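What follows is the residue order along each chain.
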There are 2 protein chains.
Amino acid sequence: MKIIMAKHAGFCFGVKRAVDAIEKSLENSQKVWTIGLPIHNPQEVARLEAMGLKVANNADEIPSGAEVLIRAHGEALNVIESLRSRDVKVRDMTCLFVRKAQDYAKSLSEKDYHVVLLGDKNHPEIKGIMGHAVNENNVEVVANEAEAEKISRYPKIALISQTTQREERLANVAAILIRKCLTLHVCNTICKATAERQDAVKELVTNNDVDGVVLIGGRASANTGKLRDIIKSHNIEVLWIEDENEIESNLDWFKNKNTIGIAAGASTPEWLIDKIKKQIGVRS
Amino acid sequence: MKIIMAKHAGFCFGVKRAVDAIEKSLENSQKVWTIGLPIHNPQEVARLEAMGLKVANNADEIPSGAEVLIRAHGEALNVIESLRSRDVKVRDMTCLFVRKAQDYAKSLSEKDYHVVLLGDKNHPEIKGIMGHAVNENNVEVVANEAEAEKISRYPKIALISQTTQREERLANVAAILIRKCLTLHVCNTICKATAERQDAVKELVTNNDVDGVVLIGGRASANTGKLRDIIKSHNIEVLWIEDENEIESNLDWFKNKNTIGIAAGASTPEWLIDKIKKQIGVRS
């Protein structure tokens, strides 16, 4: 069986920066916390927890004297401000692309734009971006074109994207919103790493005669989900797995496949990709 | 034969305001000029010229002591400024919707946006809007989606529409440009009268069982051209005419038609619509 890797896969710059910072902090202290999972990859979280990382469900659980790392997804402004006012050390590892989206939400809501976020309203990144607008009543989240159609008319609308969205959807939603306002300000905050990984997956399934793609990434990873959508839209079979054990339970999937592709989300660590690649090699 | 009028047809607010101003000026003076045709309707121009209006080919032809009315389409800033510095009286009758587009071109080019105008690069309105940007090298005109695809990448793009464009095309072009920049600022400067006339024509051809539409308007009228496009896109026959004489030379067109619609552009005067309606009534 021939295996072709997507040209861009695995940790993006922002995730690598946050994980490196957690590792560095753990070298000096055993009171290192994150609020929520530091990354949407259970295997990488388990590795960091084994090194001593503690994961709080919310900011209130962070004990005095702790060091808290704001994950790459970012946090609402009031959460960060309340932490800074307490006896905890805050290291803000918000991804620089997410930071940009947060800054837009703040500055455009200050300029009386009705802010529309394109993304998943339950995703921490979107919650954090919402939490940067000066008035949360003037912010709403749409997941897709159908939800954008339901937006009311406003004189000025600002459209900001979750960094992991597909550009095509952002373009479609912009085209819908321009009919609902006099001024539409669109911030293309889709991050380069996301676009690169999406383009690489598209290239993988169109320029190679693959019979299926093994997609490696956490089930909660938004950007991995978008990669699955792209592969499926080309009518190519996807096997979405989190770890090497899932190869064993899906051996049937590999039967009669001559060429398979491997792709991975921006929150999938290199060591996990390597492990899975080896396991596929052994089994094929 | 049944005749159904489009719900909105004929002079828009901006054209009516400009024509009224010309008539008023002509009551007091016989040195009243416009630069270029005051309106894209030859019959109405002939009526105003018969009242004494003089039409210059360019600003240099305006004689000293004249009163010059800036037509609803507007003019480039340098033309108006040079007129104001001379011994002529300037009355600026630029349509308020066009004025808005001009103001956007000025302010957004000042903020380092690359300004893209959606419209016809040979139309006086677009020339006037271009002539309000602070740097004409940073302005370009696209007529449609295909031309928008050819635009280079820029950090910030502003998209401004000719007031007579179709909203659908503005939306499509916005969707193309968002992929070419980080920030896209879209000004929906399509005027209400244009949208109303376009909606009225759409309603005319979809909700009524018309066998064809007589469209009344000047051949050079951009907004009338858009109405023709809409009718044709519904596979309905169009007879585009400028005056009542064209009814006589197109009697064949009316044969075997049970129901026809009548529509008219924003530069078509009421008296001309009435005349043509009567002529159709006589002939059918």
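Since we're looking at a predicted model, the values are computed, not measured.

Chemist: Is there a simple way to think about the nonpolar core in this case?
Modeler: Generally speaking, soluble globular proteins have nonpolar side chains that are buried together. A:Leu159, A:Leu177, A:Leu184, B:Leu159, B:Leu177 and B:Leu184 are the most contacted members of the largest nonpolar core, which totals 38 residues. Those elements that provide at least two residues to this core are β6 (114-118), β8 (156-161), α7 (167-177) and β9 (183-187) of chain A together with β6 (114-118), β8 (156-161), α7 (167-177) and β9 (183-187) of chain B.

Chemist: What am I meant to see in the interface of chain B and chain A here?
Modeler: Every contact between the two is made by 17 residues of chain B and, on the other side, 17 residues of chain A. Taken together, the two surfaces of chain B and chain A that pack against each other cover about 1600 Å², and 53% of this comes from carbon and sulfur. Where chain B touches chain A, the interface holds zero salt bridges. Applying the counting criterion to the chain B and chain A interface returns nine residue pairs in polar contact (both at pLDDT 80 or more). Of all the elements in the fold, those that place two or more residues in the side of chain B that touches chain A are α7 and β9 of chain B. Of the residues belonging to the side of chain B that touches chain A, the class tally is eleven nonpolar, three polar and three charged.

Chemist: Help me understand the relation of the copies chain B and chain A in this model?
Modeler: Relating one copy of the chain to the other takes a rotation about an axis and a shift parallel to that axis. If you rotate chain B by 180° and push it 0.1 Å along the axis, it lands on chain A with an RMSD of 0.1 Å. One copy is carried onto the other by what is essentially a two-fold rotation axis. Ranked by how close their C-alpha atoms come to the rotation axis, the residues of chain B are headed by B:His185, at 2.2 Å.

Chemist: What should I look at first to understand the sheet that holds strand β12 (residues 259-264) of chain B in this one?
Modeler: Pairing between sheet strands relies on hydrogen bonds along the backbone, with the strands arranged either parallel or antiparallel. Residue and element names in this part refer to chain B. In spatial order, the strands read β1-β12-β10-β11; together these four strands make up an open sheet with parallel pairing. In this open sheet, the two strands that pair with only one neighbour each are β1 (2-5) and β11 (238-241). Direction aside, the axes of adjacent strands within the sheet are offset by 25° on average. One ladder, built from four bridges, connects strand β10 (residues 212-216) with β11; its direction is parallel. In the strand pairing of β11, Leu-215 is matched with Trp-240. Helix α8 (residues 192-207) contacts β1, β10 and β12 of the sheet and is inclined by roughly 175° relative to β12. Most of the contacts of helix α9 (residues 222-233) go to β11, to which it runs at about 170°, and overall it touches β10, β11 and β12.

Chemist: Can you help me understand the state of the cysteines in this one?
Modeler: Two cysteines joined by a covalent bond between their sulfur atoms form a disulfide. Counted by the stated rule, this structure contains zero disulfides over all chains. Looking at A:Cys187, it has no disulfide partner, and the nearest cysteine sulfur is the one in B:Cys181, 9.7 Å off. Judged by relative accessible area, which is 0%, A:Cys187 ranks as buried. Sulfur of A:Cys191: no disulfide; nearest cysteine sulfur belongs to A:Cys12 and is 5.8 Å away. Owing to a relative accessible area of 7%, A:Cys191 belongs among the buried residues under this scheme.

Chemist: Would you explain the packing of aromatic side chains in this entry?
Modeler: Any aromatic ring pair is given by two values, namely how distant the centres are and how the planes are angled relative to each other. Using the criterion set out here, one finds two aromatic pairs over all chains in the structure. Judged by centre distance (5.1 Å) and plane angle (80°), the ring pair of B:Trp253 and B:Phe254 falls under edge-to-face. Take B:Trp253 and B:Phe254: they sit in the same class, and that class is buried. The lysine or arginine in question, A:Lys156, covers the ring of A:Tyr113, its NZ or CZ lying 4.6 Å from the ring centre.

Chemist: Please clarify how the pairing of β9(A) should be interpreted in this entry.
Modeler: Looking along a regular strand, one sees side chains alternate from face to face of the sheet. In terms of burial, β9(A) is largely enclosed, as five of its five residues are buried. With burial as the criterion, each face of β9(A) is covered, one bearing A:Thr183, A:His185 and A:Cys187 and the other bearing A:Leu184 and A:Val186. Bridge count for β8(A) against β9(A) is five bridges, and the pairing is parallel. Considered in β9(A), the bridge of A:Ile157 is made with A:Leu184. The handedness of the β8(A) to β9(A) crossover, carried by α7(A), is right-handed. As paired strands, β9(A) and β9(B) are joined by five bridges and run antiparallel to one another. Following the sheet pairing, A:Val186 is matched in β9(B) by B:Leu184.

Chemist: Any chance you could explain the pairing of β8(A) here in plain terms?
Modeler: Residue and element names in this part refer to chain A. Along β8, five of the six residues are buried, which leaves the element largely enclosed by surrounding structure. Of the strand pairs in this sheet, β6 and β8 are connected by five bridges, and their pairing is parallel. Of the residues in β8, the one forming a bridge with Val-115 is Ala-158.

Chemist: So what exactly am I meant to see when it comes to α9(B) here?
Modeler: Count 3.6 residues to each turn of an α-helix, and residues three or four apart come out pointing the same way. All names here are of chain B. Given a rise of 1.5 Å per residue, twelve residues ought to cover 16 Å, and the 17 Å separating the end C-alpha atoms of α9 matches this to within 8%. Those residues of α9 that fall on the buried side of the exposure criterion are Ala-222, Asn-223, Thr-224, Gly-225, Lys-226, Leu-227, Ile-230 and Ile-231. The elements touched by buried residues of α9 are α8, β10, β11 and β12. One or two residues past the end of α9 sits Asn-235, with phi positive at roughly 55°.

Chemist: It is not clear to me how the packing of helix α1 (residues 13-28) of chain A against helix α2 (residues 42-50) of chain A should be interpreted in this structure. Could you clarify?
Modeler: Describing two packed helices takes the angle between their axes plus the distance from one axis to the other. Residue and element names in this part refer to chain A. Running from N to C, α1 and α2 point in directions that differ by 15°, and their axes come no closer than 10 Å. For the element pair α1 / α2, the angle class is roughly parallel. As α1 packs across α2, the resulting crossing turns out to be left-handed. Side by side, α1 and α2 meet where Val-19, Ile-22, Glu-23 and Leu-26 of the first sit next to Glu-44, Arg-47 and Leu-48 of the second. When grouped by side-chain class, the residues that make up the contact of α1 with α2 number four nonpolar, no polar and three charged.

Chemist: Mind showing me how you'd approach unusual backbone geometry here?
Modeler: Trans peptide bonds make up the majority, and among non-glycine residues the majority have a negative phi. In this structure, A:Asp112 is a non-glycine residue whose phi angle is positive, near 70°. Considering the arrangement of structural elements, one finds A:Asp112 in the loop between α4 (96-110) and β6. Judged by its relative accessible area of 64%, A:Asp112 falls in the exposed class. In this structure, B:Asn235 is a non-glycine residue whose phi angle is positive, near 55°. Relative to the helices and strands, B:Asn235 resides in the loop between α9 and β11. The class for B:Asn235 is exposed, based on a relative accessible area of 74%.

The rules behind the values
Counting from 1, residues in each chain are numbered in the order their sequence is written. All chains are assigned letters beginning at A, and all ligands numbers beginning at 1, according to the order in which they are written. Local features in a predicted model are, by the rule used here, given only for residues with pLDDT of at least 70; side-chain atom pairs are given and counted only at 80 or more, and totals for whole chains, interfaces and linings are based on all residues. Here the side-chain values reflect all heavy atoms present in the structure, with hydrogen atoms and water set aside. The term nonpolar core refers to a set of buried residues drawn from Ala, Val, Leu, Ile, Met, Phe, Trp, Tyr and Cys, joined through side-chain atoms within 4.5 Å. Using a 1.4 Å probe on the protein chains alone, a residue whose accessible area is under 20% of its type maximum counts as buried, one over 50% counts as exposed, and one in between counts as partly exposed. Each helix is a run of DSSP H or I of at least 4 residues and each strand a run of E of at least 2, with the numbering of both proceeding from the N terminus. In this description, contact between two residues means that some pair of their heavy atoms is separated by no more than 4.5 Å. Two parts placed together each lose some accessible area under a 1.4 Å probe, and the buried area is that loss summed for both. By convention in these notes, a salt bridge is any Lys or Arg side-chain nitrogen within 4 Å of a carboxyl oxygen on Asp or Glu. For this analysis, a polar contact is any N or O atom pair within 3.5 Å, provided that within protein one partner can donate a hydrogen and the other can accept it, and provided that sequence-adjacent residues contribute only side-chain to side-chain pairs. Just so you know the grouping, Ala, Val, Leu, Ile, Met, Phe, Trp, Tyr, Cys and Pro go in nonpolar, Asp, Glu, Lys and Arg go in charged, and all remaining residues, Gly too, go in polar. When the copies are superposed, the least-squares fit takes in the C-alpha atoms of residues with a pLDDT of at least 70 in both. By definition, two strands form a pair when at least two bridges between them are found by DSSP. Only the stretch in contact is used when a helix axis is fitted, and all axes are lines through C-alpha atoms; the angle between N-to-C directions ranges over 0 to 180 degrees. Pairs of cysteine sulfur atoms within 2.5 Å are identified as disulfides in what follows. Centres within 6.5 Å make a pair out of two Phe, Tyr or Trp rings, where for Trp the six-membered ring is used; the pair is then stacked when the planes are under 30 degrees apart, edge-to-face when over 60, and tilted otherwise. In this analysis the charged atom, NZ for Lys or CZ for Arg, is taken to sit over a ring once it is within 6 Å of the ring centre and within 35 degrees of the ring normal. Whether a crossover is right-handed depends on one test, that the path from the first strand over the helix to the second runs clockwise when the strands point away from the viewer. Multiplying 1.5 Å by the helix residue count minus one yields the expected span of that helix. Put simply, angles under 35 degrees are roughly parallel, angles over 145 are roughly antiparallel, angles from 65 to 115 are roughly perpendicular, and the rest are oblique. Each helix crossing is assigned a hand: it is left-handed if the near helix lies turned anticlockwise from the far helix by less than a right angle, otherwise right-handed if that turn is clockwise.

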